[in-house]
Amino acid sequence: MISIVNYGIGNVGSVVNMLRHVGIEVDLVATADEVERSKALVLPGVGAFGTAMRALHECKLVDALKQKVVAERTPILGICLGMQLLAKESEEAPGCEGLGFVDASFVKFSDHRTSERLKVPHMGWNTIDVKRPNPLVEQDEQERRFYFVHSYYARCNNSEDVIATCRYGEEFVCIYGRGNVWGTQFHPEKSHKFGMQLLSRFAAYAC
Amino acid sequence: MTLKTRIIPCLDVKDGRVVKGVQFVDLIDAGDPVEAAIAYNAAGADELCFLDITASSENRDTIFDVVARTAEHCFMPVTVGGGVRRVEDIRKLLLAGADKVSINTAAVNDPDFVARAADKFGDQCIVVSVDARRRQTQAPGQQNRDEWEIYTHGGRNPTGLDAVEFAAKMVERGAGELLVTSMDRDGTKSGFDLELTRAIADSVHVPVVASGGVGSLDDLVDGVKVGHASAVLAASIFHFGTYTVAEAKDYMERHGIPMRRDTNAGA
């Protein structure tokens, strides 16, 4: 059973649909008590960093998530904005503290950092380069495509947290992982069979 | 690793049914938008767009059911446009399973609506639909020049607004993508208005989807290479089986455009 954190932000329905499609049992958790009872968590999210952190606070989920993830080492997968919330901070909301499970900061794509003229958000299908063995995606020669929609990307302070990268103007981290904490910048739930594979693998690892 | 150019089939939906029909050989019911969506999902479409043209308010809710049933079977991004006027409309569409919503008339009437929506749901899910027609303007002592004027209500009502200026303003308010439709070309199969597409694509920093007028695969290539679009939207060439999505991708790839190749990617 995978518990999807439902804090009023994001596309909970799409994540539920795909997990069910690949035969995984899911439930939605919206309170601290429900989070406390979960065995594996998915933190989805679309929207803005500051709004989402406020929503987690308003739902009184921040302490419960910290207890589960840090103290009990419950596996968690953050998707897109959910990945960003697992980090310490984002340029999108200066001064707003993230959950801080991964030592990373999010910065905005900018023309200034590259010679290419970039359209932002980075929106559409892109391939990834897997940097080290991990439970989510195989490290082999196959080209895997995932659907991205985002304007901010991770800068990891510990290079060993970098699981996979993607390129848009410059190379950026698109999967990170530390211990029981995982994040994908792309949307596996919108990424056809490669997304199904990834979520199935997360479920196999986490449950 | 390169960002792929997207091909987006668009389905016009009225009262929960596809209008104009979709002539896929293997569809049992060509009027069911969900069946059409599933077929496109299996055919390797990169995204899907529903345009709800339901006129009567009592049938407005039919689109939520269409989106919800589609989202159960299709694991690709879905944009829904038509009749999006309130924050509550967006919330309901996203809850039903839409990933992006496209706003047209409401964005013209109240640009701050776009700002409120982007603030609430994030730029990435707010698409502003820029529906424009060509017009000639005459300034004293200068040559006539072509411009484009914004229309609302499915291309019926002129607004006097300049399309390029309007596009820039919408991006400033938080639109994460622009769907640029030439109302002159829509349904003509004579190709995108490439000058319009390019004028907007070159002046904004968000992705532009070219729409209106596709009749051949060369039109798709031109939309990207000449029009500078990040994605191309088409309806009839796919619906009526003139070309498959895979053929379009083959063709565009042969012309040097990076495509997502995985036609058996469906569920």
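Everything quoted here is computed from the prediction, not taken from an experiment. (Residues numbered from 1 in each chain as written. Chains lettered and ligands numbered in written order. Predicted model: local features only at pLDDT ≥ 70, side-chain atom pairs only at ≥ 80, totals over all residues. Heavy atoms only, no water.)

Draft legend 1. Structural detail: the overall build of chain A. Looking only at helices and strands, one finds 6 helices and 13 strands in chain A. Taken along its principal axes, the extent of the C-alpha atoms in chain A is 50 × 40 × 30 Å. Every one of the 207 residues in chain A was classed for burial, and the buried ones make up 63%. Restricting to contacts in chain A with at least 6 residues of sequence separation, those with at least 24 account for 69%. Here chain A displays about 7,800 Å² of accessible surface, and carbon together with sulfur accounts for 45% of that area. (Helix = DSSP H or I, 4+ residues; strand = E, 2+ residues; numbered from the N terminus. Buried < 20%, exposed > 50% of the residue type's maximum accessible area, 1.4 Å probe, protein only. Contact = heavy atoms within 4.5 Å. Areas by Shrake-Rupley, 256 points an atom, 1.4 Å probe, with all protein chains shown as cover.)

Draft legend 2. Molecular detail of the pairing of strand β10 (residues 208-211) of chain B. All names here are of chain B. Here β10 shows two buried faces, one formed by Val208 and Ala210 and the other by Val209 and Ser211. By the bridge criterion, 4 bridges tie strand β9 (residues 177-182) to β10 in an arrangement that is parallel. From the neighbouring strand, threonine 181 faces β10, where its bridge partner is serine 211. After leaving β9, the chain enters helix α7 (residues 194-201) and then returns to the sheet as β10, a path that is right-handed. Regarding the hand of the β-α-β motif, the stretch spanning β10, helix α8 (residues 217-225) and strand β11 (residues 231-234) is right-handed. (Pairing = 2+ DSSP bridges. Right-handed = clockwise from strand over helix to strand, strands pointing away.)

Draft legend 3. Looking closely at the interface of chain B and chain A. Contacts between chain B and chain A engage 37 residues on the former and 35 residues on the latter. Of the roughly 3,100 Å² buried between chain B and chain A, counting both surfaces, carbon and sulfur atoms make up 55%. Our count for the contact surface shared by chain B and chain A stands at 1 salt bridge. Counting across the chain B and chain A interface gives 13 residue pairs in polar contact (both at pLDDT 80 or more). Among the secondary structure elements, those contributing two or more residues to the side of chain B that touches chain A are α2 (62-73) and α5 (111-121) of chain B. Grouping the constituent residues of the side of chain B that touches chain A by class yields 14 nonpolar, 10 polar and 13 charged. (Buried area = accessible area lost by both parts, 1.4 Å probe. Salt bridge = Lys/Arg side-chain N within 4 Å of Asp/Glu carboxyl O. Polar contact = N/O pair within 3.5 Å; in protein donor to acceptor, adjacent residues only side chain to side chain. Nonpolar A, V, L, I, M, F, W, Y, C, P; charged D, E, K, R; others polar.)

Draft legend 4. Structural detail: the pairing of strand β9 (residues 145-150) of chain A. All names here are of chain A. For β9, a buried count of 6 out of 6 residues is recorded, marking the element as mostly surrounded by other parts of the structure. Residues of β9 alternate between two faces, with Arg145, Tyr147 and Val149 on one and Phe146, Phe148 and His150 on the opposite face, all of them buried. By the bridge criterion, 6 bridges tie strand β7 (residues 122-127) to β9 in an arrangement that is antiparallel. Residue tryptophan 125 lies in a different strand from β9, and its bridge partner there is tyrosine 147.

Draft legend 5. Here's a closer look at the packing of aromatic side chains. Residue and element names in this part refer to chain A. For the coordinates displayed, the defined rule picks out 12 aromatic pairs over all chains. Plain terms: the ring middles of phenylalanine 148 and phenylalanine 172 are 6.0 Å apart, the flat faces sit at 80° to each other, and that makes the pair edge-to-face. Pair noted here: phenylalanine 148 is in strand β9 and phenylalanine 172 is in strand β12 (residues 170-178), with a separation of 24 residues, a long-range link. Pair check on accessibility: phenylalanine 148 and phenylalanine 172 agree, each one buried. For the ring pair phenylalanine 148 and phenylalanine 186, a centre distance of 5.5 Å and an interplane angle of 75° mean the geometry is edge-to-face. (Phe/Tyr/Trp six-rings, centres within 6.5 Å; stacked < 30°, edge-to-face > 60°.)

Draft legend 6. Representation of empty space enclosed by the protein in the model. All names here are of chain B. Applying the stated criterion across every chain yields a total of 2 cavities of 30 Å³ or more. In this structure, the largest cavity encloses a volume near 140 Å³. Split by residue class, the lining of the largest cavity holds 7 nonpolar, 4 polar and 3 charged. Residue lining of the second largest cavity: Ile8, Glu47, Cys49, Thr79, Val127, Glu177, Leu179, Val209 and Leu233, and that is the complete set. Of the residues contributing to the lining of the second largest cavity, the split by class is 6 nonpolar, 1 polar and 2 charged. (1 Å grid on protein atoms, 1.4 Å probe; cavity = no way out; pocket = protein on both sides within 12 Å on 5 of 7 lines; lining within 4 Å. Points joined across faces, edges and corners; volume = space filled by probe spheres on them.)

Draft legend 7. Here's a closer look at the nonpolar core. With 76 residues, the main nonpolar core has Phe50, Ile90, Leu178, Ile200 and Leu220 of chain B as its most contacted residues. Discounting residues that sit within four places of it in the chain, phenylalanine 50 of chain B has contacts with Leu11, Val13, Pro33, Ala37, Ile63, Val66, Val67, Thr70, Val78, Thr79, Val80 and Gly81 of chain B. Among the nonpolar cores identified, the runner-up in size contains 42 residues, and Val15, Ala40, Val120 and Phe146 of chain A belong to it. (Core = buried A, V, L, I, M, F, W, Y, C linked by side-chain atoms within 4.5 Å.)

Draft legend 8. Local environment of the layout of surface pockets. Residue and element names in this part refer to chain B. One number sums up the size of the largest pocket: a volume of about 940 Å³. Forming the boundary of the largest pocket are 39 residues, of which Asp12, Leu51, Ile53, Asp131 and Gly154 lie nearest the centre. Elements that contribute at least two residues to the lining of the largest pocket include exactly β1 (6-14), β3 (48-52), β5 (100-103), β6 (126-137), β9 and β11. Considering every element that reaches the lining of the largest pocket, the biggest residue donor is β3, with 3 residues. Counted by class, the lining of the largest pocket contains 13 nonpolar, 17 polar and 9 charged residues. Roughly 540 Å³ of volume is contained in the second largest pocket.

Draft legend 9. Representation of the packing of helix α6 (residues 163-173) of chain B against α7 of chain B. Residue and element names in this part refer to chain B. Remark: α6 packs on α7, axes separated minimally by 9 Å, with the N-to-C direction vectors making an angle of 35°. Seen along the crossing, α6 lies across α7 with a hand that is right-handed. Contacts between α6 and α7 pair Ala163, Val164 and Ala167 from the former with Leu196, Ala199 and Ile200 from the latter. Looking at side-chain class alone, the contact of α6 with α7 contains 6 nonpolar, no polar and no charged residues. (Axes fitted to C-alpha atoms, helices over the stretch in contact; angles between N-to-C directions. Left-handed = near helix turned anticlockwise from the far one by under 90°.)

Everything listed is a geometric property; what it means functionally is a separate question.
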